[in-house]
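# Residue-level structural notes
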Amino acid sequence: MVVHPIQRIRNTRSTRSLRNARTMVVLTLVTATVGLTAVVTPQRASAATRPTVVGPIPGTPFDIQADLSQLATYGYVQQEYFFNGVAQAFDTSTPLTADGRWNVAPVSTAAYKTRMVVRRPSSGVKFNGTVFVEWLNVSAGFDTSPDWSFNRIELMRQGFAWVGISAQYVGVEGALGPLGIGGLKVTDPARYGTLSHPGDIYSYDIFTQAAVALRRRGAVKPLGPLRAVHLIADGESQSASRMTTYVNAIAPRSRVFAGYLIHSRSAGASGLATDGLGSQVPSPTFIRTDTSVPVMVVESETDVLGHLSARQADSAHYRLWEIAGTSHVDRYALGELAIAFLNCDLPVNSGPEHYVMHTVVRDLWEWVRSKRTPPSAPRIDVNATPDVVRDAVGNATGGIRTPELDVAVATLSGFGNTPAGFCGLFGTTTAFTPTQLAVVYGTKVKFQRRYFAAAADAVSKGFVMGADVPAVLAEAAAAPFPS
């Protein structure tokens, strides 16, 4: 039998999964070209209803922030699908507790119609079998895809598919905001006028149903010819709060995702309901420790203080990484056009977050498919105030270290930009002058030697990928030493 080459898949058979006959389905995949046999353990199918999927929708999907400039270079295509069904809302009969072990039950249903954006390899030969499913962020009053922005290069060079879900009311129905952009229906009524969202209490099941549509092949296949082996759920910022609630309340019921990436969360989580016990979310809220699939929480420097009370120890299914010198959203993720439009008072953070996020994508994938756990990471140093502890040039101490911090050419902070609001989330970059660089490092050759050594150290500790080292070193080559 010749199988579609999802199959850079390692043998994921484990003694424990073999014992669990209810959830273990052994699939032997034999490729004629390389004669490889792989054993895969799919997640248990969700009890959620499979929605009706329509598409691909002609024309260009709305995602104003996404950098799509390299889709063709990597052999990727973008398509959009609408999907509709009846979603459930959930609530609890007991107070939500800080440990995240939340028991919920369906309380109501409502019809919905929303959309998903698919970015995938055009050829199945490149597809690695895993789909990152991002809960699109609506903090700006419309859909954005921040983790596509941070992770896009690693996603495409490794052959992942990426799917963005318009799971929330504002992204579909929201009124025009101060930026002149609103929800899909008001921004582009000709394209999206038939969509309908009943409210955020139904968002969790809408997200689950999107995953079911990706896993169960119906008449319309959102992934085209590709077959998903693993789905990884992903949310950043406000979407990370939704993802925290999803892991604690919905994941034990749905079990459609093989892993979770929760990026830049606060100490709390999002409510299940608009009133009553389901709306009373404790802060801090921890990730439940009885989860059976990997959960990676990643915090930028901006988010460390807001998440501080929810820090928890690493475990067999949990990792927390804190990245020094980074901001909630940075220059790389925003892009130059957005930065010019927003017109912050100070240069926004240009730190190394995307390099570490590339490693997060790879490590979470390996954790899901081969049970190889990522390294534990040191926490960013925080004093009793609390405030981030800083070195002599103003960079944070502790946390995940990169050459940009340890052989610095700038002070990279997760804080300090103005005006308040979005600019306050973008951090700052205070570049050293050529004279300062010469005083600190002497010659550019000496600086580069130290920088190269710091890059090798970051790779050896498992926080920067070897594939990113050329780009990291190119930044060192551009350091403005006196001529």
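Cut-off values and rules
Residues numbered from 1 in each chain as written. Predicted model: local features only at pLDDT ≥ 70, side-chain atom pairs only at ≥ 80, totals over all residues. Heavy atoms only, no water. Core = buried A, V, L, I, M, F, W, Y, C linked by side-chain atoms within 4.5 Å. Buried < 20%, exposed > 50% of the residue type's maximum accessible area, 1.4 Å probe, protein only. Helix = DSSP H or I, 4+ residues; strand = E, 2+ residues; numbered from the N terminus. Contact = heavy atoms within 4.5 Å. Pairing = 2+ DSSP bridges. Axes fitted to C-alpha atoms, helices over the stretch in contact; angles between N-to-C directions. Phe/Tyr/Trp six-rings, centres within 6.5 Å; stacked < 30°, edge-to-face > 60°. Expected span 1.5 Å × (residues − 1). Parallel < 35°, antiparallel > 145°, perpendicular 65-115°, else oblique. Left-handed = near helix turned anticlockwise from the far one by under 90°. Nonpolar A, V, L, I, M, F, W, Y, C, P; charged D, E, K, R; others polar. 1 Å grid on protein atoms, 1.4 Å probe; cavity = no way out; pocket = protein on both sides within 12 Å on 5 of 7 lines; lining within 4 Å. Points joined across faces, edges and corners; volume = space filled by probe spheres on them.

All right, on to the nonpolar core then. In this structure, Met116, Tyr246, Phe257 and Tyr260 are the most contacted members of the largest nonpolar core, which totals 54 residues. Examining the composition of this core, we find that 8 residues originate from one element, helix 6 (residues 203-215), more than from any other. Excluding anything up to four places from it in sequence, Tyr260 contacts Ile232, Ala233, Met243, Tyr246, Val247, Ala251, Val293, Pro294, Val295, Met296 and Leu364. The next biggest cluster of nonpolar side chains, apart from the first, holds 38 residues, and it includes Phe160, Trp321, Cys344 and Val348.

It is worth spelling out the pairing of strand 12 (residues 410-413) at this point. Both faces of strand 12 are covered, namely the face carrying Ala410 and Leu412 and the face carrying Thr411 and Ser413. Sheet topology places strand 12 next to strand 13 (residues 428-431); 4 bridges connect them, and they run antiparallel. When the sheet's bridge partners are listed, Ser413 is paired in strand 13 with Thr428.

To continue, consider the environment of Val329. Its location among the elements puts Val329 in the loop between strand 11 (318-323) and helix 9 (331-334). By relative accessible area, Val329 is classed as buried at 9%. When the C-alpha atoms of Val329 and Glu353 are compared, they prove to be 9.0 Å apart, with 24 residues separating the residues in sequence. If sequence neighbours within four positions are ignored, Val329 has contacts with Phe150, Glu236, Leu334, Leu425 and Phe426.

Taken in spatial order, the 9 strands of this open sheet run 3-4-5-7-6-8-9-10-11, and their pairing is mixed. Unpaired on one side and paired on the other, strand 3 (52-54) and strand 11 mark the two borders of the sheet. Neighbour-to-neighbour, the strand axes of this sheet turn through a mean angle of 20°, independent of strand direction. Across 3 bridges, strand 3 lies against strand 4 (residues 76-91) in antiparallel orientation. Bridge pairing links Thr52 to Asn84 in strand 4. Packing of helix 6 onto the sheet brings it into contact with strand 3, strand 4, strand 5 (105-121), strand 6 (130-135), strand 7 (161-165) and strand 8 (230-236), and relative to strand 4 it is tilted by some 130°.

Working definition: an aromatic ring pair is given by the centre-to-centre distance plus the angle between the planes. According to the stated counting rule, one finds 18 aromatic pairs in the structure shown. Relative to Tyr204, the ring of Trp135 has its centre 5.8 Å away and its plane inclined at 55°; by these criteria the two rings are tilted. Taken as a pair, Trp135 in strand 6 and Tyr204 in helix 6 lie far apart in primary sequence, 69 residues in all. A residue is classified by how much of its surface remains accessible, and Trp135, at 0% relative accessible area, is buried. According to the relative accessible area criterion, Tyr204 is buried, its value standing at 1%. Centre to centre, the rings of Tyr441 and Phe481 are 6.5 Å apart; their planes meet at 50°, and the pair counts as tilted. Taken together, the residues Tyr441 in helix 13 (residues 434-441) and Phe481 in the segment after helix 15 (469-477) connect sequence positions 40 residues apart.

Turning our eyes to something else, we now look at helix 6. Helix length check: helix 6, at 13 residues, gives a terminal C-alpha distance of 19 Å against a target of 18 Å (1.5 Å per residue), a fit within 8%. Of all 13 residues that make up helix 6, 12 are buried, and the element is covered over most of its length.

The next point concerns the side chain of Asn151. Structurally, the position occupied by Asn151 is in helix 2 (residues 146-157). We classify Asn151 as buried; its relative accessible area is 1%. Not counting the four nearest positions on each side in its chain, Asn151 is found in contact with Asp234, Leu261, Met357, His358 and Val361.

In this section: the packing of helix 2 against helix 11 (residues 353-370). Helix-helix packing: each pair is described by the crossing angle between the helix axes and the interaxial distance. Following both chains from N to C, one finds helix 2 and helix 11 inclined at 55°, their axes separated by 9 Å at the closest point. Between helix 2 and helix 11, the angle falls in the class oblique. Crossing hand, helix 2 versus helix 11: right-handed. On helix 11, the residues touching Asp147, Phe150, Asn151, Ile153, Glu154, Leu155 and Arg157 of helix 2 are Glu353, His354, Met357, His358, Val361 and Arg362. Taken together, the residues of the contact of helix 2 with helix 11 break down into 5 nonpolar, 3 polar and 5 charged.

Of the voids in this model, the second largest pocket is the one considered here, and its volume is about 680 Å³. Residue assignment for the lining of the second largest pocket shows that the elements contributing at least two residues are helix 2, helix 9 and helix 10 (336-342). Per-element accounting of the lining of the second largest pocket gives the leading share, 5 residues, to helix 10.

Following the sequence through the fold, Pro386 ends up in the loop between helix 11 and helix 12 (403-406). Once residues lying within four places of it in the same chain are set aside, the contact partners of Pro386 are Leu305 and Leu308.

Time to look at unusual backbone geometry. Both trends apply: most residues other than glycine have a negative phi, and most peptide bonds are in trans. In the segment running from Ser283 into Pro284, the intervening peptide bond is cis, with an omega of 10°. As for its placement among the helices and strands, Pro284 is situated in the loop between strand 9 (259-263) and strand 10 (295-300). Here Thr385 and Pro386 are connected by a cis peptide whose omega angle stands at 0°. One non-glycine residue, Ser237, lies in the positive phi region at around 65°.

Scanning the entire structure with this criterion turns up 2 cavities of 30 Å³ or more. Size it by volume and the largest cavity reaches roughly 50 Å³. As for the largest cavity, its lining consists of Ala213, Leu214, Arg216, Arg217, Lys221, Pro222, Leu223 and Leu226. Residue classes in the lining of the largest cavity are distributed as 5 nonpolar, no polar and 3 charged. In this structure, the second largest cavity is lined by Ile287, Arg288, Thr289, Thr291, Val295, Gln312, Ser315, His317 and Tyr318. Looking at side-chain class alone, the lining of the second largest cavity contains 3 nonpolar, 5 polar and 1 charged residues.

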